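Coordinate inspection notes
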Amino acid sequence: MATVRIANLSKTYGNGKSAVEALVGVDLSIGDGEFFVVLGPSGAGKTTVLKSVAGLVDVEAGDVEIAGVSMEGVEPYHRNVAMAFESYALYPQKTVFDNLASPLRSGRTGRYTAQQQQQRIEAVTTTLGIDHLLKRFPRELSNGQRQRVALGRVLVRPADVYLLDEPLSHLDAKLRAQMRAELKQLGDMSNTTSLYVTHDYQEALALGNRIAVLRAGRVVQVGTPEEIWRRPVDTFVAKALGQPEINLFDVTAGQGALRGAGGDLSVPVPRHLDLPEGRARIGIRPRDLQLGPGGPGTLSFRGRVSLAERLGRLMEFSVDVGPQGGSERVIVVADSDAGAREGDVVDLHLSLENVHVFAPAAGAEDSRRLGSATEERVSW
Ligand SMILES: Nc1ncnc2c1ncn2[C@@H]1O[C@H](COP(=O)(O)OP(=O)(O)OP(=O)(O)O)[C@@H](O)[C@H]1O
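On a predicted model such as this, the values are computed, not experimentally measured, just so you know. (Residues numbered from 1 in each chain as written. Predicted model: local features only at pLDDT ≥ 70, side-chain atom pairs only at ≥ 80, totals over all residues.)

**A closer look at the pairing of strand 4 (residues 61-66)**
With five bridges joining them, strand 1 (residues 4-13) and strand 4 adopt antiparallel strand pairing. If you follow V4 over to strand 4, its bridge partner there is I66. Two strands pair when backbone bridges link them, and strand 4 and strand 5 (residues 69-70) are joined in this way by two bridges, in the antiparallel orientation. Bridge pairing in strand 5 places E65 opposite S70. Here strand 4 folds back onto strand 5, and the loop between the two strands holds two residues, one of which, A67, carries a positive phi near 50°. (Pairing = 2+ DSSP bridges. Helix = DSSP H or I, 4+ residues; strand = E, 2+ residues; numbered from the N terminus.)

Structure representation (structure tokens):
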């Protein structure tokens, strides 16, 4: 078990015109035994963070410490980290059992009797749902099964730090959800410092003790799932969490309210909200909206359903709010359809506390969060 500290880490691949700045001044502190998730879109630099901790890339600047010891000049082999890559490295000529046993037989992290090996392998394979595949060879496995064996190879031996790069990416949605739930229960996994990379926000929210959101090589926000979900620092983070994405509307301040959609969306301006330009953006998550009229302390509005789609148990509605020509489309995800059909006029509401207020921005530009429509002090 160990802490991991990443300080001011920068990495550029290539040089000259083809140079790619993969990481720019990344700082992260991961606690002993923490399950820490790095979340970001493709190309954000997530894998490069893991490789830097593993010692698999040369970085230009910055330092990595494991258990308080600088890793400068320490070979990957001596870092006592175990890394699972997205592509699965398995011995093709060995059975699944032997693939899993080989890290325990290497003697690198202690000696295990045949019985201890058997126990460790059993614990991992049961959790990963691959206990019936032990006699097979990698070529006889599906991609998802291969990925789970590769993950098993990492988790089977104790390490100071587990580095996991999208280890569930090849599994179907149902299995991913199941793995998510079980992964954290796995013996060592629950108390070994783990750095877990994903672009899947649900995975990040479900697994992370804390999450770092990475954008174009920079850390945008670090926080608990609750903090990141409730108080995203900007629209980039707000959009990265949630499917369908958070609804964003441009609003104008006037007569004590922030108004959008031709005036049909109207949020009382939080007392301390200071809007020098008289403009802002409000963000509303599709799941926070409810069908039906709202009471005090809610933002309530009315719109016409232009599309109703069933998503399994849930319903997704596209609702047009505001006068014709100036209307805004609001996406709503509701538990029940409450009898709403395409073409119907429906009432919608949500608690003001779930109305995020962001700084104004042009077009698709991201802007920072100022607060919610109820928070006391909103700094500008
Ligand atoms: N060996 C390399 N040579 C050149 N550029 C690279 C190399 N490895 C990564 N990059 C670039 O560095 C940036 C960060 O890559 P990285 O693999 O860390 O991102 P990522 O967030 O893990 O992406 P993904 O989710 O697609 O795996 C990307 O722009 C990528 O194209």
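**What about the nonpolar core?**
L39, V53, V161, L163, L195, V213 and I282 are the most contacted members of the largest nonpolar core, which has 100 residues in total. Residues from two domains meet in this core; each of domain 1 (4-240) and domain 2 (247-372) gives at least three. Contact partners of L195, with chain neighbours within four places excluded, come to V4, I30, F36, V38, L50, V53, V161 and L163. (Core = buried A, V, L, I, M, F, W, Y, C linked by C-beta atoms within 7 Å. Buried ≥ 20, exposed ≤ 12 C-beta atoms within 10 Å, placed from the backbone. Domains from an automatic or database assignment. Contact = placed C-beta atoms within 7 Å.)

**Digging into the confidence of the model for the chain**
Interpretation of this model should avoid reading the predicted coordinates in detail wherever pLDDT is low. Averaged over the chain, the pLDDT score is 88; the fraction of residues at 70 or greater is 93%. Across the chain, element-level confidence peaks in strand 10 (residues 218-223) with a mean pLDDT of 98 and bottoms out in helix 5 (residues 173-183) with 78. Scored below 50 in pLDDT, residues 376-380 makes eleven contacts in the model with residues more than four places away or belonging to other chains. Confidence metrics for the complex model read pTM 0.89 and ipTM 0.96. (pLDDT = per-residue confidence, 0-100.)

**Focus: the sheet that holds strand 20 (residues 356-358)**
Strand pairing in a sheet takes place through backbone hydrogen bonds and is either antiparallel or parallel in direction. Taken in spatial order, the six strands make up an open sheet running 13-12-11-14-20-21, and their pairing is antiparallel. Of all the strands in the sheet, just strand 13 (265-268) and strand 21 (369-372) have a single pairing partner and so form its edges. Strand-to-strand twist of the sheet, defined as the mean angle between neighbouring strand axes without regard to direction, takes the value 35°. Direction of pairing for strand 12 (residues 257-260) relative to strand 13: antiparallel, over a ladder of four bridges. Residue pairing for strand 13: L258 is matched across the bridge by V267. (Axes fitted to C-alpha atoms, helices over the stretch in contact; angles between N-to-C directions.)

**A short note on the site of the ligand**
Close contacts around the ligand come from 13 residues, with Y13, S42, K46, T47 and T48 the closest. In terms of residues, the shell around the ligand owes the most to one element, helix 1 (residues 46-54), which gives three residues. When grouped by side-chain class, the residues that make up the shell around the ligand number four nonpolar, eight polar and one charged. (Near = placed C-beta within 6 Å. Nonpolar A, V, L, I, M, F, W, Y, C, P; charged D, E, K, R; others polar.)

**Digging into the sheet that holds strand 17 (residues 314-321)**
Here we have five strands laid out as an open sheet, ordered 15-19-16-17-18, and antiparallel in their pairing. Across the chains shown, the open sheet's two edge strands, defined by having one partner strand only, are strand 15 (290-291) and strand 18 (328-334).

**Some remarks on the packing of helix 2 (residues 96-105) against helix 3 (residues 114-128)**
One can describe the packing of helix 2 onto helix 3 by two numbers: an axis separation of 10 Å at closest approach and a directional angle of 120°. Classed by the angle they form, the pair helix 2 and helix 3 counts as oblique. In terms of crossing hand, the pair formed by helix 2 and helix 3 is right-handed. Across the interface between the two elements, F97, L100, A101 and L104 from helix 2 touch Q117, R120, I121, V124 and T125 from helix 3. (Parallel < 35°, antiparallel > 145°, perpendicular 65-115°, else oblique. Left-handed = near helix turned anticlockwise from the far one by under 90°.)

**Let's talk about the environment of P76**
Relative to the assigned elements, P76 resides in the loop between strand 5 and strand 6 (81-84). Separated by 23 residues in sequence, P76 and V53 have C-alpha atoms that sit 8.7 Å apart.

**Some points on the packing of helix 2 against helix 4 (residues 143-155)**
At a closest axis distance of 8 Å, the pairing of helix 2 and helix 4 adopts a crossing angle of 25°. Overall, the two elements helix 2 and helix 4 adopt an arrangement that is roughly parallel. As helix 2 runs across helix 4, the sense of the crossing is right-handed. Mapping the contact onto sequence places V96, N99, L100 and P103 in helix 2 and V149, G152 and R153 in helix 4. By residue class, the composition of the contact of helix 2 with helix 4 is four nonpolar, two polar and one charged.

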